[in-house]
Amino acid sequence: MTWQLDAWLERSTPVLRILDGNTGIPIACFSGDEVYRLMEQGELTAEEVLSTDREERKVLAGRLFTLACGIPCG
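Conventions adopted
- Residues numbered from 1 in each chain as written.
- Predicted model: local features only at pLDDT ≥ 70, side-chain atom pairs only at ≥ 80, totals over all residues.
- Heavy atoms only, no water.
- Helix = DSSP H or I, 4+ residues; strand = E, 2+ residues; numbered from the N terminus.
- Rg over C-alpha atoms; globule rule 2.2 N^0.38 Å.
- Buried < 20%, exposed > 50% of the residue type's maximum accessible area, 1.4 Å probe, protein only.
- Contact = heavy atoms within 4.5 Å.
- Areas by Shrake-Rupley, 256 points an atom, 1.4 Å probe, with all protein chains shown as cover.
- Pairing = 2+ DSSP bridges.
- Axes fitted to C-alpha atoms, helices over the stretch in contact; angles between N-to-C directions.
- Expected span 1.5 Å × (residues − 1).
- Arc of directions from axis to C-beta.
- Core = buried A, V, L, I, M, F, W, Y, C linked by side-chain atoms within 4.5 Å.

**Focus on the overall build of the chain**
- Check the secondary structure of the chain and you find three helices and three strands.
- Along the chain, from the amino end to the carboxyl end, the secondary structure elements read β-β-β-α-α-α.
- Here the C-alpha atoms of the chain give a radius of gyration of 12 Å, agreeing with the 11 Å that 2.2 N^0.38 yields for 74 residues.
- Within the chain, the proportion of its 74 residues that are buried is 30%.
- Nonlocal contacts in the chain, meaning residues at least 24 apart in sequence, comprise 30% of its contacts between residues at least 6 apart.
- About 4900 Å² of surface is accessible on the chain, with carbon and sulfur atoms providing 51% of the total.

**Thoughts on the sheet that holds strand β2 (residues 15-20)**
- Spatially, β1-β2-β3 is the arrangement adopted by the three strands of the open sheet, whose pairing is antiparallel. Two strands lie at the open edges of the sheet, namely β1 (3-8) and β3 (26-31), each paired on one side alone. Across this sheet, the average inter-strand angle for adjacent strands is 10°, counted without regard to direction.
- In the packing of helix α1 (residues 33-40) onto the sheet, contacts are made with β2 and β3, and the angle to β3 comes to roughly 80°.

**Considering helix α3 (residues 54-68)**
- Over its 15 residues, α3 runs 21 Å from end to end, which matches the ideal 21 Å to within 8%, given 1.5 Å per residue.
- Inspection of α3 places Leu 60, Ala 61, Arg 63 and Leu 64 among the buried residues, and these make up the whole buried set. The buried residues of α3 occupy an angular sector of 165° when projected down its axis, which confines them to one face. Turned more than 90 degrees from where α3 packs its buried face, Arg 54 and Lys 58 sit exposed.

**Observations regarding the nonpolar core**
- Leu 5, Leu 16, Ile 18, Ala 28, Phe 30, Val 35, Leu 38, Leu 44, Val 49, Leu 60, Ala 61 and Leu 64 together form the largest nonpolar core, which totals 12 residues.
- Residue assignment for this core shows that the elements contributing at least two residues are β2, β3, α1 and α3.
- For this core, the leading source of residues is α3, giving three residues.

**Observations regarding the environment of Glu 40**
- Residue placement: Glu 40 occurs in helix α1.
- The spacing of Glu 40 and Thr 23 is 17 residues in sequence and 31 Å in space, taken between C-alpha atoms.

Rendered as structure tokens:
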């Protein structure tokens, strides 16, 4: 499965989505207070979102998929 990270953290209501790389259909979506909460809890940083390191983005996506399913990371 290929995926694409679509992040708009600078908006007044920030949005972070993981899209299917082939269809563009959202697989996981976080917005507004959810994004702020993730950042406050250290689950998400702007540096991770902006990273060009493939492995770092892969780890971030895995963590976000897990959080989207409501399963605690740890």
